[in-house]
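What follows is the residue order along each chain.
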Amino acid sequence: MSNFDYIVVGGGIIGMTTARELAIQGAKVALFDKGELGKESSWAAGGILSSMRPWVESPASVALSEQGKILYPDYVELLKQKTEIDSEYIQSGLVIIDKDHAAKTKEWARDKNVNLEENVQNISCDINFPNHSVLLPDIAQVRPPKLLKALRKSLNSLSVSIYENTKITNLGIKNNQFQFVEFDEGKVVADAVIITAGAWSKSLLGNINKEINIKPIRGQMICVKPEHKILDKIVLDSSHYFIPRRDGHILIGSTMEDVGFVNETTEVAKEELLEWACSICPEINNAQFVRHWSGLRPSTTANIPIIGQISGFKSIYLNTGHFRKGILQAPASAKLLVDNLSGKDSFMDIESFNLECQKKTLELV
């Protein structure tokens, strides 16, 4: 029977970055996932490193996102040095073409002194952008599948014990103290457990805390390969977007579907995405169709992630509920939690993400 300092349950981007941060600090860590590491919503993500509408988000969530943006360049460079896997961090810039969104972005950029350009007519010969469009030139992206492969290799080098395709059947708790996790093949003992299971976090916790309200929101995306390079900027139009990759592929996303734990693609969504893409860039009509996939994003009622200790338990922690910002916020979320576990001062107050703050946010809505 193994003994660990921490068990991390959920092997998506949040779980992997959390396990890595703990291991770097010298902790003995076990990472569990019911499937393969990173193959749920993290693999399906687009990888845009930006809040879409920061003026409607909580200040705490915006601060977490901004710290993620600060950390990413060095984070992926170190991963590349350690693993020889390029996560394709690219400062591609983001063009907003929805009129209302563009206008609010201009106001926000002026207020926050953010770099913004209004003359975007000449950045692509294949797309005629509306006159009201704006460009945020400093926005970057990563390629999630490559980032996740790099994280996986990093975890192996840090001797994190990985339990894939392992469904936990019970969290062993005595006198409000976590003791072990049970699964079909046995059980593993640890001093503490961190739940990073995304949309599955609530069901995993069971009766431990019924106030945790996380549900899945399905997002579908498609990938195409044009005959020639169309553009090198991310394009955002309301909830739809283009993400151009370095090798010429273009991701087209995404849907927002409240359908429970149904993680299947639909022809309706595929047609919707392609119709929008072709209305923006007719050249997409001639592109090679590559793939269509979906993922289940973990949404909280207050639209804020839950990070920190569960009240009343000395050894059960959460890092979950990041919704559409899991990739963006992952390095910052992991650092914030691990700093707290280590008793270190961090870049912000972790109490901003506890369940009480979730309640207060909802009361203000």
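To start, this report covers the structure provided alongside it. (Residues numbered from 1 in each chain as written. Predicted model: local features only at pLDDT ≥ 70, side-chain atom pairs only at ≥ 80, totals over all residues. Heavy atoms only, no water.)

Spatial strand order, 5-4-12-13-14-11-15: 7 strands in an open sheet with mixed pairing. Because the sheet does not close on itself, it has two edges, and the strands there are strand 5 (134-136) and strand 15 (288-300). Sheet twist, expressed as the mean angle between neighbouring strand axes with direction ignored, is 20°. Pairing of strand 11 (residues 214-225) with strand 14 (residues 250-253), which is carried by 4 bridges, proceeds in the antiparallel orientation. What sits directly across from Cys223, in strand 14, is Leu251. (Pairing = 2+ DSSP bridges. Helix = DSSP H or I, 4+ residues; strand = E, 2+ residues; numbered from the N terminus. Axes fitted to C-alpha atoms, helices over the stretch in contact; angles between N-to-C directions.)

The next point concerns unusual backbone geometry. Omega for the peptide link from Gly253 to Ser254 comes to -20°, which places this bond in the cis form. Following the sequence through the fold, Ser254 ends up in the loop between strand 14 and helix 7 (267-280). Positioned with a positive phi, Asn113 is a non-glycine residue whose angle comes to about 55°. By the element assignment, Asn113 lies in the loop between helix 4 (99-112) and strand 5. Residue Ser238 is not a glycine yet carries a positive backbone phi of 60°. Relative to the assigned elements, Ser238 resides in the loop between strand 12 (234-237) and strand 13 (240-244). By relative accessible area, Ser238 is classed as partly exposed at 34%. (Buried < 20%, exposed > 50% of the residue type's maximum accessible area, 1.4 Å probe, protein only.)

What follows concerns empty space enclosed by the protein. The full count for this structure, using the stated rule, is 3 cavities of 30 Å³ or more. Space inside the largest cavity adds up to approximately 60 Å³. What lines the largest cavity is simply Ser50, Ser51, Met52, Pro54, Trp55, Leu94, Ile96, Thr105, Trp108, Leu136 and Leu236. Secondary-structure elements contributing two or more residues to the lining of the largest cavity are strand 4 (94-96) and helix 4. Of the residues assigned to the lining of the largest cavity, the class counts are 8 nonpolar, 3 polar and no charged. (1 Å grid on protein atoms, 1.4 Å probe; cavity = no way out; pocket = protein on both sides within 12 Å on 5 of 7 lines; lining within 4 Å. Points joined across faces, edges and corners; volume = space filled by probe spheres on them. Nonpolar A, V, L, I, M, F, W, Y, C, P; charged D, E, K, R; others polar.)

Side-chain direction in a regular strand flips from residue to residue, so the side chains alternate between the two faces of the sheet. Going residue by residue along strand 2 (residues 29-32), you find Val29 and Leu31 tucked away on one face and Ala30 and Phe32 tucked away on the opposite face as well. Pairing of strand 1 (residues 3-9) with strand 2, which is carried by 4 bridges, proceeds in the parallel orientation. Each bridged residue has a counterpart across the sheet, and for Ile7 the counterpart in strand 2 is Ala30. Where the polypeptide runs from strand 1 across helix 1 (residues 13-24) and back to strand 2, its parallel neighbour, the crossover connection is right-handed. Taken together, the 3 bridges between strand 2 and strand 7 (residues 161-163) define a ladder with parallel strand orientation. Among the inter-strand pairings, Leu31 is bridged to a residue of strand 7, identified as Ile162. (Right-handed = clockwise from strand over helix to strand, strands pointing away.)

So, about the nonpolar core. Ile13, Leu22, Leu31, Leu147, Ile194 and Phe353 are the most contacted members of the largest nonpolar core, which has 45 residues in total. Where this core is concerned, the elements lending two or more residues are strand 1, helix 1, strand 2, helix 3 (59-83), helix 5 (144-157), strand 10 (186-195) and helix 8 (326-341). It is helix 8 that contributes the most residues to this core, 8 residues altogether. In contact with Phe353, other than residues within four places in its own chain, are Ala60, Ser61, Leu64, Ile304, Pro305, Ile306, Ile307, Leu336 and Met348. Core analysis: the next-biggest nonpolar cluster, separate from the first, contains 25 residues, Phe4, Val9, Ala30 and Val181 among them. (Core = buried A, V, L, I, M, F, W, Y, C linked by side-chain atoms within 4.5 Å. Contact = heavy atoms within 4.5 Å.)

For the coordinates displayed, the defined rule picks out 7 aromatic pairs. When the centroid spacing of 6.3 Å and the interplanar angle of 65° are considered together, the rings of Tyr72 and Tyr75 count as edge-to-face. Highlighted residues: Tyr72 and Tyr75, both in helix 3, separated by 3 residues, approximately one helical turn. For the residue pair Tyr72 and Tyr75, the accessibility class agrees, reading buried in each case. Three or more aromatic residues joined by ring pairs form one cluster here, namely Phe32, Tyr163 and Phe183. (Phe/Tyr/Trp six-rings, centres within 6.5 Å; stacked < 30°, edge-to-face > 60°.)

The subject of this paragraph is helix 4. Between the first and last C-alpha of helix 4 there are 20 Å, a value that for 14 residues agrees with the 20 Å anticipated at 1.5 Å per step. Of the positions making up helix 4, those classed as buried are His101, Ala102, Thr105, Trp108 and Ala109. All buried residues of helix 4 project into a common sector of 125° when viewed along the axis, lining one side. For helix 4, the exposed residues lying more than 90 degrees away from the buried face are Lys99, Arg110 and Asp111. Two residues or fewer after helix 4 comes Asn113, characterised by a positive phi angle close to 55°. (Expected span 1.5 Å × (residues − 1). Arc of directions from axis to C-beta.)

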